[in-house]
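# Notes for the structure review
Chain by chain, the residues run as shown.
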Amino acid sequence: MKFIMLALSLLFFTTAGYCEKPDTLVTEGYDQQEMSAAIAHARRETDKFIEMLNKHDADSYAVKAPITDHGDTEHFWLTDITYADGVFTGKIGNEPGIVQNVQYGQEWKIKKADISDWMYTRGEKIYGGYTIDPLLSTYPEEEASAMRARLVR
C-alpha cells in the first residue's frame, strides 16, 4: 500500500490550472491526444480490472476519478476501492490542487463508465495506469525511466 500511495502522489493530472498547486500536480507539458487515448484504453479494459479486483489477486487497487468543481476538473486516484452495481467506491488518494469540493481521504463514488483510469499493483509492478504514460514526458528522465520499468504493458 505504501508504494501505491507514493506512485499515486506522483501520477495524478488535471485539466485546469490554479495558483496554489501541490508539487505533483501536472497541468501541462503532456500530449492531450495521448491522454485521451489512454483514458479510452483504460475504459475499454475496465472489465478486466474488475475481474482482478474480485479475485483479490494483487497488492492494491485504484481507479482514477475526474471530479469537477466550479467548471474546473481534477483527476484523483481513489484507493481502498470496492465495486458493486456498476459503481466504484473509494477514498480520495491525493490532496486537491484545483477543486475544493473534496479532500484527501474522503469517500467518493464513481460510475464504471466515468472513470479515467485504473491500476493494480503486485510488488513494485503497476498494471493498468494507462494515463501514466502521457505524463512521463513531464518528469525528469531518471524518474520517468524508473516508472517505465514498473509499468507492465
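Rules of the game
As a convention, each chain's residues are numbered from 1 in the sequence order in which they are written. This being a predicted model, a pLDDT of at least 70 is required before a residue's local features are given, and a value of 80 or more before pairs of side-chain atoms are given or counted; all residues contribute to the totals for chains, interfaces and linings. Remark: hydrogens and water are excluded; side-chain values derive from all non-hydrogen atoms of the structure. Side-chain rings of Phe, Tyr and Trp (the six-membered ring for Trp) are treated as a pair once their centres are within 6.5 Å; stacked means planes under 30 degrees apart, edge-to-face means over 60, and tilted covers the remaining angles. Geometrically, a charge over a ring is one whose NZ (Lys) or CZ (Arg) sits within 6 Å of the ring centre while staying within 35 degrees of the ring normal. Two strands qualify as a pair provided that DSSP identifies no fewer than 2 bridges between them. Strands here are runs of E lasting at least two residues and helices are runs of H or I lasting at least four, both read from the DSSP assignment and numbered beginning at the N terminus. Only heavy atoms enter the contact rule, under which two residues are in contact if any of them lie within 4.5 Å. Throughout, an axis means a line fitted to C-alpha atoms (over the contacting stretch in the case of helices), and angles, computed between N-to-C directions, take values from 0 to 180 degrees.

### Some words on the packing of aromatic side chains
Tallied over the full model, the rule gives 8 aromatic pairs. The rings of Phe49, Tyr61, Tyr83, Phe88, Trp118, Tyr120, Tyr127 and Tyr130 are connected pair by pair, giving a single aromatic cluster. The residue whose ring lies beneath Arg122 is Tyr127, and the NZ or CZ to ring-centre distance is 5.3 Å.

### Side note on the sheet that holds strand β1 (residues 60-69)
The sheet built from 7 strands is open, its strands ordered β4-β3-β2-β1-β5-β6-β7 with mixed pairing. Taken across any chain shown, the strands that pair with only one partner, and hence form the sheet edges, are β4 (107-111) and β7 (151-152). One ladder, built from 5 bridges, connects strand β3 (residues 87-92) with β4; its direction is antiparallel. Its bridge partner lying in β4, Gly90 is registered against Trp108. Strands in contact with helix α3 (residues 46-55) are β1, β2 (72-84), β3 and β5 (117-122); relative to β5, the strand with the most contacts, it is inclined by about 40°.

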